Amino acid sequence: MSRIAAETVEQVRSLGDRYKYGFVTDIESEQAPKGLNEDIVRFISAAKDEPGWLLAWRLEAFRHWRTMTEPNWAKLGIPMIDYQDAYYYSAPKQKEALKSLDEVDPELLATYDKLGIPLREQEMLAGVAVDAVFDSVSVATTFKAKLEEHGVIFCPISEAVQKYPDLVRKYLGSVVPYTDNFFATLNSAVFTDGSFVFIPKGVRCPMELSTYFRINAANTGQFERTLIIAEDSSYVSYLEGCTAPMRDEHQLHAAVVELVALDDAEIKYSTVQNWYPGDENGVGGIFNFVTKRGACIGARSKISWTQVETGSAITWKYPSCMLHGADSVGEFYSIAITNNYQQADTGTKMVHMGPRSRSRVISKGISAGRASNAYRGLVKMLPGAGKARNYTQCDSLLIGSKCGAHTFPYIESQNRSARVEHEATTSKIDDDQLFYCRQRGIGEEEAVALIVNGFCREVLQQLPMEFAVEAQKLVGISLEGSVG
Amino acid sequence: MLEIRDLHASVEGQAILNGVDLSVGAGEVHAVMGPNGSGKSTLSYVLSGREGYAVDRGEVLYDGRDLLELEPEERAVAGLFLAFQYPVEIPGVGTMTFLRTALNAVRRSRGGDELDAMQFLRVVREKARALGIGDDMLKRALNVGFSGGEKKRNEMLQLAVLEPRLAILDETDSGLDIDALKIVAEGVNALRSPDRAMLIITHYQRLLDHIVPDRVHVLAKGRILRSGGSELAHELEAKGYAEILSEAA
Ligand SMILES: Nc1ncnc2c1ncn2[C@@H]1O[C@H](COP(=O)(O)OP(=O)(O)OP(=O)(O)O)[C@@H](O)[C@H]1O
Ligand SMILES: [Mg+2]
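Conventions and cut-offs
- Residue positions are given per chain, counted from 1 along the sequence in the order it is written.
- Lettering for chains starts from A, numbering for ligands starts from 1, and both go in the order in which the items are written.
- Reporting of local features is limited, given that this is a predicted model, to residues whose pLDDT is at least 70; pairs of side-chain atoms are given and counted only at 80 or more, and all residues count toward the totals for whole chains, interfaces and linings.
- To get the side-chain values, take all heavy atoms of the structure and skip hydrogens and water.
- Put simply, DSSP H or I for four residues or longer makes a helix, DSSP E for two residues or longer makes a strand, and each gets a number counted from the N terminus.
- Exposure is judged per residue with a 1.4 Å probe applied to protein chains only, and the accessible area is read against the type maximum: over 50% gives exposed, under 20% gives buried, and values in between give partly exposed.
- Here a residue-residue contact requires only that any non-hydrogen atoms of the pair lie within 4.5 Å.
- Accessible surface is estimated by sampling points in the Shrake-Rupley manner with a 1.4 Å probe; for residues, cover comes only from the protein chains shown.
- Strand pairing requires that DSSP identify at least two bridges connecting the strands.
- Lines fitted to C-alpha atoms define the axes here, with helix axes fitted over just the stretch in contact, and angles between the N-to-C directions of these axes take values from 0 to 180 degrees.
- Only nitrogen, oxygen and sulfur atoms within 2.8 Å of the metal, or 3.2 Å for Na, K and Ca, are treated as donors, and water is left out, so sites may look incomplete.
- We define buried area as the total accessible area lost by two parts upon association, computed with a 1.4 Å probe and summed across both.
- We define a salt bridge as a side-chain nitrogen of Lys or Arg found within 4 Å of a carboxyl oxygen belonging to Asp or Glu.
- By disulfide we mean two sulfur atoms from cysteines, separated by a distance within 2.5 Å.

Draft legend 1. Spotlight on the overall build of chain A. What chain A contains, in helices and strands, is 13 helices and 23 strands. Here chain A holds 484 residues, and the buried ones make up 62% of them. For chain A, the share of sequence-separated contacts (at least 6 apart) that also reach a separation of at least 24 residues comes to 84%. Taken as a whole, chain A presents about 17700 Å² of accessible surface, with 48% of it coming from carbon and sulfur.

Draft legend 2. Representation of the sheet that holds strand β11 (residues 215-220) of chain B within the structure. All names here are of chain B. The strand order across the open sheet built from 6 strands is β6-β9-β10-β3-β11-β12, with neighbouring strands paired in mixed fashion. Looking at which strands have only one partner, the edges of the open sheet turn out to be β6 (80-83) and β12 (223-228). Going from strand to strand, the sheet's axes swing by 20° on average, the running direction of each strand aside. Judged from the 5 bridges that link them, β11 and β12 form a sheet pairing that is antiparallel. Residue pairing in the sheet places L219 in a bridge with I224 of β12.

Draft legend 3. Examining the coordination of the magnesium ion (ligand 2) more closely. Within the protein, the magnesium ion (ligand 2) binds to S41(B) (OG) and Q85(B) (OE1); these donor distances fall in the range 2.0 to 2.1 Å. In this pair, S41(B) sits in helix α1 (residues 40-48) while Q85(B) sits in the loop between β6 and β7 (90-94), placing the two residues 44 residues apart along the sequence.

Draft legend 4. The interface of chain B and chain A, seen in detail. Across the boundary between the two partners, chain B contributes 36 residues, which contact 27 residues of chain A. Looking only at chain B, the three residues that lose the most surface to chain A are E73(B), T101(B) and R108(B), adding up to 21% of its buried area. Between chain B and chain A we count 5 salt bridges in total. E155(B) serves as the salt-bridge partner of R440(A), at 2.7 Å between the closest nitrogen and oxygen.

Draft legend 5. Layout of the pattern of salt bridges. Residue and element names in this part refer to chain A. Across all of its chains, the model carries 36 salt bridges over all chains by this definition. Ionic pairing is found between K292 and E240, a salt bridge with its closest N-O pair at 2.7 Å. With K292 in strand β13 (residues 286-296) and E240 in strand β9 (residues 235-243), the pair connects residues that are 52 residues apart, well separated along the chain. The residues K292 and E240 share a single accessibility class, namely buried.

Draft legend 6. How the structure looks around the state of the cysteines. All names here are of chain A. All chains considered together, the criterion is met by 0 disulfides over all chains. Its sulfur unpaired, C296 is 5.6 Å from the next cysteine sulfur, which belongs to C321. Residue classification places C321 among the buried residues on the basis of a relative accessible area of 0%.

Draft legend 7. Highlighting the pairing of strand β11 (residues 256-261) of chain A. All names here are of chain A. Of all the 6 residues making up β11, 6 are buried; the element is thus mostly covered by neighbouring parts of the structure. The two faces of β11 match: V256, E258 and V260 on one face and V257, L259 and A261 on the other face are all buried. Where strand β8 (residues 225-230) lies against β11, 6 bridges are found, and the strand directions are parallel. Within the sheet, the bridge partner assigned to R225 lies in β11 and is V256. Two strands pair when backbone bridges link them, and β11 and β13 are joined in this way by 6 bridges, in the parallel orientation. Bridge pairing in β13 places V256 opposite T291.

Okay, here's the thing in structure tokens:
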């Protein structure tokens, strides 16, 4: 972890353009017509050759969605979204199953090259299995054989629907019901693809699982659906990272991630989110309204969320843990960086139901430019949560004088033996620290990156190594132009 | 190497330096002494370009260039180094990381190659050992929880690693134990070279026993009130500043 700032600046310099990943790949898309109605839901389901129960579930969700209104309680100024003025399904044209990467559309592979994540290299060097989600349909899955040896299932959820319908049917919507919230309900109706992971009893997944998401076709909402199930005494670490191409129209991203941990199981879920944030004037950028929730069903189970949120015009995201099991553990480590006109409202919910369940929340919010950044956290101790404990620490760092940071901790306790601790700090980037760095020859932007990386260290340390390096670079890149 | 001419500077509208004249040649070591609050640190901040320190009059030439128009980091990569009177803590940033970032920034700006991790480690370990700095200290966050003496030693380490051409040491000897004082003095002496100059701000003669300066200056009331050879330090030690101050009044 010693190379951060120098590399950051190297990276920043090499970018030239403000946003490196702003390009659109020209692959013919197969699209459903614009708009949203029952026929579109049926179209999606039919395109994926889904069983009747899933179509019925989608339709129930859609009907429910029509009765709902968008939430407006978050501290966000969200422009009206016209849900009828968007495409809900697009797929890269070639659709036959692929045996190897050689069969993948070369243009697609080139896209990944530009993103700096060549699949081949990933495969050879990193030992990471990559389930590449491109424009809602998974096109390449690697390392399947090795995972299969251990009985691990890691595949597109559309494939899991075909191959493991019982598992999907049992757990889909079990953590985030289709009635949950406006965006999750919408996702339930129109989700196109995503990842499915199943770790059988006693298995420690032999590699980090990774998925790269990418929004591509113009004006297409992206509705990923991820489901991870860890059976008794199993372990898995899942990495999710994303970049998106530059464009002017706002794009909606409403993913749902559900995690299920049974007795003594552990799931570590890490995200680096770097979607297009809009330009310096606040034009364009992704709307990121994601529902992520994990259920620690089993005793002594553990779910740990780590997120580095640097992209998107608007982020609305609260990865949460439902701590059912006795002695279960929930963790949330977060870095949220907003610059220019970005807005983030993020945090977590820790719902303690099991006795002696524990949770730990470390949130680092950084705002620069005219951005706003809010931490919103709920810690709930239900009657069964005897001797449960929570520790929350929220630190906000402000760069410049036009940005804002807010902390909204909600605490509800229905058990007198439960203990909740909350600490919060807000500080400005320290002039003495900046001057000290500059006196040593470190330029202002690199100095800010260095100091901010230090501020975030506790969270960065939670990331798997290959993500940590990338995340440190991102911290610098996303604060570009925030000083001087 | 350094030419300060009639330098007037103020902080928050309050005049602190009132016409400082000082010239330091390559290869020379000058000591600056003076009562508390006389403007010694202010001078070091003005020279290194700290924000909030306004230059109202005068000029400073560094190798014939106008030093005052450069940004702090430009001055640093041009070879100016300030060992801070109060080194700053940077939580979460490892001492090694910081050193490496600084060294690479300096090397880059001089058109040189960055050191790889192994080369860097070798350089730092060797210099750290000479200053009695252990690996555990290098692993900790920069200055966070360091004792006063450890912070000063860390400043010396940075000085040794960055190899500046003009080093300003602001009370680097304060807060050091007797052994550490010797180590720091040895460090300074080891860095003495024909193309390097040093400005050593100190309150104590005992440092100057180890580092024999070419010139000693008394800065008081925002000006250099007296200059002399190394014997001036002994005189001050014996008599204090009263005489000089009353002469100036
Ligand atoms: N930010 C500031 N605002 C107002 N006055 C200041 C500020 N910084 C310094 N001063 C004043 O400027 C004067 C010179 O301070 P300086 O730190 O340069 O003294 P010094 O000679 O280094 O003293 P010492 O020997 O105690 O380190 C002092 O009177 C101090 O109070
Ligand atoms: Mg001082």
